Amino acid sequence: MLSKRENRVARGPRLKKALAGVVSGSIDRRTFLKRSGLTAGGAALASAVPLGAVKKAKAQAMSSGAAQIKKNICTHCAVGCTVVGEVSNGVWIGQEPGWDSPINLGAHCAKGASVREHAHGERRLKYPMKMEGGEWKRISWDQAINEVGDKMLAIREKSGPDSVYWLGSAKHNNEQAYLFRKFYAFWGSNNGDHQARICHSTTVAGVANTWGYGAMTNSLNDIHNSRAIIMVGSNAAEAHPVALQHLLKAKETNNAPLIVCDPRFTRTAAHADEYVRLCPGTDVAMIWGILWHIFDNGWEDKEFIRQRVWGMDQIKSEVKNWTPEETERVTGIPGSQLKRVARTLANNRPGTIIWCMGGTQHTQGNNNTRAYCVLQLALGNMGVSGGGANIFRGHDNVQGATDMCVLSHSLPGYYGLKTGSWKHWCRVWDVDYEWMKGRFASKKLMESKGIPVSRWIDGVLENKDKIDQPDNVRAMVFWGHAPNSQTRLPEMKTAMEKLDLLVIIDPYPTFSAVIPDRKDGIYLLPAATQFETSGSRTATNRSLQWGEKFVEPLFESKPDHTIMYLFAKKFGVDKEMFKHIAVKDDEPLVEDLTREFNKGMWTIGYTGQSPERLKLHMANQATFDKTTLQAKGGPADGDFYGLPWPCWGNAAMNHPGTPNLYDTSKPVAEGGLCFRARFGVEREGQNLLAEGSYPVGSEIKDGYPEFTMAMLKKLGWDKDLTAEERAAIDKVAGDKTNWKTDLSGGYPAGRRQARVRALRQRQGPCGGVDLPGSGAAAPRAALHQSAGSAAQVRDIRGQAGLPPADQVRVDSEERLLQGVPDDPHLGAPGGVRGRRRRNPVQPVAGRASAEHVLRAQSARRQQHRRQGRPASLGA
Ligand code: SF4
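Residues numbered from 1 in each chain as written. Predicted model: local features only at pLDDT ≥ 70, side-chain atom pairs only at ≥ 80, totals over all residues. Heavy atoms only, no water.

Let us look at the site of the ligand. Residues in close proximity to the ligand include Cys74, His76, Cys77, Gly80, Cys81, His108, Cys109, Lys111, Gly112, Pro241 and Val242, which together make up its full environment. The class makeup of the residues in the shell around the ligand is 6 nonpolar, 4 polar and 1 charged. (Near = heavy atom within 4 Å. Nonpolar A, V, L, I, M, F, W, Y, C, P; charged D, E, K, R; others polar.)

Across the sheet, 7 strands lie side by side as 5-4-16-15-14-6-7; this open sheet has mixed pairing. Edge positions in the sheet fall to strand 5 (135–138) and strand 7 (192–193), since each has one partner strand and no second. For strand 6 (residues 164–167) and strand 7, the ladder comprises 2 bridges, and the chain directions are parallel. Bridge pairing links tryptophan 166 to glycine 192 in strand 7. Across the sheet, helix 5 (residues 141–159) lies against strand 4 (129–132), strand 6, strand 14 (475–479), strand 15 (501–506) and strand 16 (522–526), angled at about 130° from strand 16, the strand it touches most. (Pairing = 2+ DSSP bridges. Helix = DSSP H or I, 4+ residues; strand = E, 2+ residues; numbered from the N terminus. Contact = heavy atoms within 4.5 Å. Axes fitted to C-alpha atoms, helices over the stretch in contact; angles between N-to-C directions.)

Let us look at the pattern of salt bridges. Tallied over the full model, the rule gives 36 salt bridges. Of the charged contacts in the structure, one is a salt bridge between glutamate 434 and lysine 437, with a shortest N-O distance of 3.2 Å. With glutamate 434 and lysine 437 both in helix 19 (residues 433–439), this residue pair falls 3 residues apart, about one helical turn. Residue classification places lysine 437 among the partly exposed positions, given a relative accessible area of 24%. In this structure, the salt-bridge partner of aspartate 471 is lysine 464, at a minimum N-O distance of 3.7 Å. (Salt bridge = Lys/Arg side-chain N within 4 Å of Asp/Glu carboxyl O. Buried < 20%, exposed > 50% of the residue type's maximum accessible area, 1.4 Å probe, protein only.)

Looking now at helix 12 (residues 312–319). Of all the residues in helix 12, the buried ones are Met312, Gln314, Ile315, Glu318 and Val319. Taken around the axis of helix 12, the buried residues stretch over an arc of 155°, which confines them to a single face. (Arc of directions from axis to C-beta.)

With an omega of 0°, the peptide bond between arginine 349 and proline 350 qualifies as cis. Within the secondary structure layout, proline 350 lies in the loop between helix 14 (335–347) and strand 12 (351–355). Cis geometry marks the peptide bond from tryptophan 645 to proline 646, where omega comes out at 0°. Along the chain, proline 646 falls in the loop between helix 27 (611–619) and strand 21 (682–683). Of note in the backbone geometry, leucine 105 takes a positive phi value of approximately 50° without being a glycine. By the element assignment, leucine 105 lies in the loop between strand 3 (91–97) and helix 4 (115–120). Even without being a glycine, tyrosine 662 presents a positive backbone phi close to 70°. Assignment of secondary structure puts tyrosine 662 in the loop between helix 27 and strand 21. Exposure remark for tyrosine 662: the relative accessible area of 0% places this residue in the buried category.

See below:
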């Protein structure tokens, strides 16, 4: 592992450099072979070539145009490695990993090294096609948009807008993902979703409900500061190969022990100092087993818990049940090993936890993620560099597409679906709320969760009277989504055959195009890859990176946002939808899309990352520190790479981004943050706000509720507002306008204003962490018992001149009015809207979970014995 790297720009493929001299006739053959490093191989090859086969080569004239170097991002995983493309005369002729990128440090894995083939692949869908009489026929774009559009409009007329399902993608860039969510809102339905429902939805729900935001808290680079690393259900060596170099750096420089917990001995486990083999699905028991030793020995961080965590006592009483013997009985992990793990984690702080699909894709995945959070909180590893929950995401823009809410239950920025949220986005879009409401079958459906991707099949096959929408799903659009990642394939095939219309929009004809036995009613529309367009994508660490267009869309493909525009035009909503977005030759201006979501996404701070700032970062990657991610000098001096969200305020405020979530050692204006209270400020008379914990420089020395205009007035900070800002705030909801729905956002440089001051604090509520419902014990009422004295409720209201706690509690009605984000739980508990069936995904609780797991293991072992497989496979 190298600990020192050279910063340099890749200037192009070595072979091309060597060839340049050859074709111009300026070097001889020997020099060429030497430069290209081909001497040995070339000599071997020459000896194998018959003499008569050697002819004088006729080299083609070298192109006069100099090759252009462009930067984009690998499309194969969420690590976010920079791809440097070499483009000559509009042809993508070579690629190199980005040497200046602080994320990949000049490395690519095998997947990234092949992205040029992704664009140039011989199986690319070249032109629109339709299945007719059992044959694929080439058609024009005009015909495709008209025919598909007419069929959809007919379905809309007869069955309502919810009978068309829009399945989007983690392969959209942020601008396309945002436009896609806006697009199906303008169509008049919440029946849209994407792959995140299948992968990290359990993480988003678990993590957001624990400390506020549903995302990776630190960064790959920050792992350099870790003194211990525990990985659960993550095989980064294969799934996120370039990420592994950051872990190995911590191993090398800090001697950080690497603990890998996985039922399989993976390639990642091969790097581990401690490999923990657990029985599949026993993650919560394993974590509780580790915590048993931590609490038993008093190794928890008591001061951190006192200040920032609510409910740990209840966790402790549950953990008491998980003795080494009981844990071993359930997980198969020897008690002595978990004691060693606990001691290692306690002795090496700060430590980080990493998890991936092995932890999330379980029926109790949400419990697992809550338990991982509890472990980090008990150790005091949150909000510190080197600590955190480093949750590696999958697709290159799955974080961004989730944030843009290509989902069935919320609007961009996780603003739920209630009236306040719709009104907020209508203000951003500059459309009349009543007009927007009229696009939906009813207000009720406008405010109801749509069908999640995991259940669209039921939307097609279920009896109409069991679905809470006027009719079945009759048309399905797979836009950048191949459904082979989903279960229930036989039913899926049946559903695909029952549809009136199946539309696949993708660079490749996917699995969806071939599995249904249909003779007509399928359309394939060729989409461009991310290398044929531009825009931002959000890496796993919340950094946004701007990808440049390498080449024009190949063959007859079109970028996703252009296709959306063509459909919007066909549906007659283009004028409203693109009111403030320039369109040229049917292509919406990508930068205008960024600016539009900048205007509305206050909740998670997607407001400060203007296209200009993001492009500046890509152009000056070398100025960013490879560990802190902060620019040292250069035009982006002080910014954190990619302005990781939240990046508060508008671009003019120059917020640097937030590299590590919940880090109170910095002022909020410089990237600090406290936990976000999601459950109000008190519970049963107990304080849920932080106790004496606040970001450095905060004027309020404690936790505090959400900023509203009323609160600004009480603090006297409203006097800093300009007349325009005050008018904008009044227009929303007067004193009830909160920081998430105020669009004024104007901060003339250097002026000390209310929003600037609020920013110094934190825009949202500053809270402690709320642990009720954590992990396996979630349903137990005991967890909701008292955890402290009501007298402990800290009265920030004294400082802020606010009314008593019970009056400032954010009740649900007010939350709805203010457009507070809905529950981030991506799984729709009711399944298909109001479907009269019990949710098959039940929380698995404590001992019940253990018994369930043991029974399943025993059955599996018996099955393996019958099959003559080694017993260990069943463990
Ligand atoms: Fe691409 Fe991920 Fe490999 Fe990097 S680690 S090159 S982003 S697949």
